[in-house]
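Chain and residue survey
Spelled out from the first residue to the last, the chains are:
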Amino acid sequence: MSNKNKTIDIVTIARRIGNKKKLFLKVSIITFILSCVIILPVPRYYVCEVELAPEIGVAEGGSSLSDLASTFGLNIGSGITGDAISPDLYPELLKSNDFIYNLITCPIKTTDGKVSTTYYDYLLKHQKKNPLTAPIRWIGGLFQKKKESKPIKAINKFNLTEEESNIFGKIKDHISCQIDLKTRKITLSVEDQDPLVSATMAEQLRRKLQEFITRYRTSKSLRDLEYYTKLSRQAKAEYEKARQRYSSFSDANMDAILVSYNSKKDDLENEMQLKYNAYTALNTQMQTARAKVQETTPAFTTIKEASVPLLPAGPKRMAFVAAMLILSWIVTAFYSCRDLFVNSFLHEE
């Protein structure tokens, strides 16, 4: 009898809904119009992705366990050399103000060619706004003090103004970095309202990241190279002076037969030889340091290059309208059969 009552309730509900066709039609039309009014003014955005494969140093005998763990989505890092900035930290690196500061000066140009400026100025002055939010922005502007924008060179990364902080926040929201733990593939993406700007900044993001990592990985080697280059130049200058003293003394005392003159000549010759040996050793160290710079310079293989997206990534207007229609049908059905649901609930009690 319980199953029969439930069947009768379902049939009754279906019949009730069938009798409310006009109501469903009115609700659908109103929901469709309101959904279009809400979603159509929202500016479209485009997403450009770049994929990289970085060169990662692996310690001897340590890669097997790391590779096995990565197949299960884990990263134990046992096979990676002692690098303070591993690819796992790249997403956090891209969110730092130091890195964002390198992006705001990048030159961009829109698809229609009407805007050609820096990325900072583009986000500040050339963004499309949703007209439905204009009253909210107007009210907010009444309580906000107007300040003149500072030039980019005057921006202090340590002490950002409210306007600068908002722009930095927009850039952080527009860029993303994803790391595949198994393959170590790096996927960089940039979201923007203009497809050409999106592709331009995706390429700039790839370039700035490679420059930052290269600068970090080679910083010690470059300091060593600079140090040995300085010592090598000093040793060469001292060797040149010692050779000049030896040559001048030898020319001035070419026919001398006194033992004191010959001893002085030998001393100068020995000094010159010592200076030469020191210069040769330091020059070898300098060449070794130069080779070390090349050795520590990381290599990045671009798997997927930046390209101007042809279709917008969002907003998904058709999906939004369809979701709103389905939601309105569910609410309308519940409203039409509310008395049945209430009676069924009271009957069960």
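Residues numbered from 1 in each chain as written. Predicted model: local features only at pLDDT ≥ 70, side-chain atom pairs only at ≥ 80, totals over all residues. Heavy atoms only, no water.

Let's shift gears to the overall build of the protein chain. For the protein chain, the count of helices and strands is 13 helices and six strands. The buried share of the protein chain, taken over its 349 residues, is 30%. The long-range fraction of contacts in the protein chain, counting pairs at least 24 apart against all pairs at least 6 apart in sequence, stands at 78%. Only carbon and sulfur atoms are counted for the fraction: they give 58% of the accessible area of the protein chain, which is about 23,100 Å². (Helix = DSSP H or I, 4+ residues; strand = E, 2+ residues; numbered from the N terminus. Buried < 20%, exposed > 50% of the residue type's maximum accessible area, 1.4 Å probe, protein only. Contact = heavy atoms within 4.5 Å. Areas by Shrake-Rupley, 256 points an atom, 1.4 Å probe, with all protein chains shown as cover.)

This brings us to the pattern of salt bridges. Charged atoms that come close allow side chains of opposite charge to pair. Applying the stated rule across the entire model yields 11 salt bridges. Note that Glu295 and Lys292 form a salt bridge whose closest N and O atoms lie 3.9 Å from each other. With Glu295 and Lys292 both in helix 11 (residues 259-296) and three residues apart, the pair spans about one turn of that helix. Overall, Glu295 belongs to the exposed group, its relative accessible area being 56%. Taking the relative accessible area as the measure of exposure, Lys292 reaches 38% and is therefore partly exposed. Each of Glu203, Arg206 and Arg207 takes part in salt bridges that share partners, so that together they form one network. (Salt bridge = Lys/Arg side-chain N within 4 Å of Asp/Glu carboxyl O.)

The next thing to look at is unusual backbone geometry. Cis geometry marks the peptide bond from Gly314 to Pro315; its omega dihedral reads -5°. With respect to the helices and strands, the residue Pro315 is situated in the loop between strand 6 (300-304) and helix 12 (317-336). Despite not being glycine, Arg184 has its phi angle at roughly 65°, a positive value. Among the secondary structure elements, Arg184 is positioned in the loop between strand 4 (175-179) and strand 5 (186-192). We classify Arg184 as buried; its relative accessible area is 14%.

Before going further, it helps to spend a moment on the sheet that holds strand 5. Ordered in space as 4-5-1-6, the four strands form an open sheet in which the pairing is antiparallel. Lying at the two open borders of the sheet, with one neighbouring strand each, are strand 4 and strand 6. Across this sheet, the average inter-strand angle for adjacent strands is 25°, counted without regard to direction. Bridging between strand 1 (residues 46-54) and strand 6 involves four bridges; their strand directions are antiparallel. Bridge pairing in strand 6 places Pro54 opposite Phe300. (Pairing = 2+ DSSP bridges. Axes fitted to C-alpha atoms, helices over the stretch in contact; angles between N-to-C directions.)

Before going further, it helps to spend a moment on a nonpolar patch on the surface. Taken together, the side chains of Leu25, Ile29, Ile30, Phe32, Ile33, Leu34, Val37, Ile38 and Leu132 define a hydrophobic patch exposed on the protein surface, amounting to about 850 Å² of accessible area. The class for Leu132 is partly exposed, based on a relative accessible area of 45%. (Patch = residues over 30% accessible without salt bridge, like charges linked within 9 Å, V, L, I, M, F, W, Y side chains within 5 Å.)

One can find Asp194 in the loop between strand 5 and helix 9 (195-217). No salt bridge forms around the buried Asp194; measuring N to O, its nearest opposite-charge neighbour Lys128 is 6.7 Å away. A polar atom in the side chain of Asp194 sits 3.0 Å from the side chain of Thr111. Separated by 3.0 Å, the side chain of Asp194 and the backbone nitrogen of Leu196 make a polar contact. With sequence-adjacent residues up to four places away left out, Asp194 is seen in contact with Tyr46, Lys109, Thr110, Thr111 and Tyr122. (Lys, Arg positive; Asp, Glu negative; His and termini not counted. Polar contact = N/O pair within 3.5 Å; in protein donor to acceptor, adjacent residues only side chain to side chain.)

Packed helices, taken two at a time, are described by their axes: the angle between them and the distance between them. One can describe the packing of helix 5 (residues 97-104) onto helix 8 (residues 162-174) by two numbers: an axis separation of 10 Å at closest approach and a directional angle of 95°. Here helix 5 is positioned roughly perpendicular relative to helix 8, judged by the angle of their axes. Note on element contacts: helix 8 touches helix 5 through Phe168, Ile171 and Lys172, opposite Asn97, Ile100, Tyr101, Leu103 and Ile104. For the contact of helix 5 with helix 8, a count of residues per class yields six nonpolar, one polar and one charged. (Parallel < 35°, antiparallel > 145°, perpendicular 65-115°, else oblique. Nonpolar A, V, L, I, M, F, W, Y, C, P; charged D, E, K, R; others polar.)

Looking now at the packing of helix 2 (residues 21-39) against helix 12. The geometry of helix 2 relative to helix 12 is characterised by a closest axis approach of 9 Å and an angle of 145° between their N-to-C directions. Relative to helix 12, the crossing made by helix 2 is right-handed. Here Leu23, Phe24, Val27, Ser28, Thr31, Phe32, Ser35, Cys36, Ile38 and Ile39 of helix 2 come into contact with helix 12, specifically with Arg317, Phe320, Val321, Met324, Leu325, Ser328, Trp329, Thr332, Ala333 and Ser336. Its residues placed into classes, the contact of helix 2 with helix 12 shows 13 nonpolar, six polar and one charged. (Left-handed = near helix turned anticlockwise from the far one by under 90°.)

Applying the stated criterion across every chain yields a total of four aromatic pairs. Aromatic pair Phe99 and Phe212: ring centres 6.4 Å apart, planes at 80°, arrangement edge-to-face. Of this pair, Phe99 sits in helix 5 while Phe212 is found in helix 9, placing the two residues 113 residues apart along the sequence. Taken together, a centroid distance of 5.3 Å and an interplanar angle of 55° make the contact between Tyr239 and Tyr276 tilted. With Tyr239 in helix 10 (residues 219-252) and Tyr276 in helix 11, this pair connects stretches of sequence that are 37 residues apart. Judged by its relative accessible area of 14%, Tyr239 falls in the buried class. Of the residues examined, Tyr276 reaches a relative accessible area of 37% and is grouped as partly exposed. In this structure, Lys157 is placed above the aromatic ring of Tyr101, and the distance from its NZ or CZ to the ring centre is 5.1 Å. (Phe/Tyr/Trp six-rings, centres within 6.5 Å; stacked < 30°, edge-to-face > 60°. Lys NZ or Arg CZ within 6 Å of the ring centre and 35° of its normal.)

Quick look at the confidence of the model for the protein chain now. A low pLDDT means the predicted coordinates there should not be read in detail. On average, the protein chain scores 82 in pLDDT, and the residues at 70 or more come to 80%. Taken together, the stretch residues 76-82 has pLDDT below 50 and engages in 19 contacts with residues farther than four places along the chain or on a different chain. (pLDDT = per-residue confidence, 0-100.)

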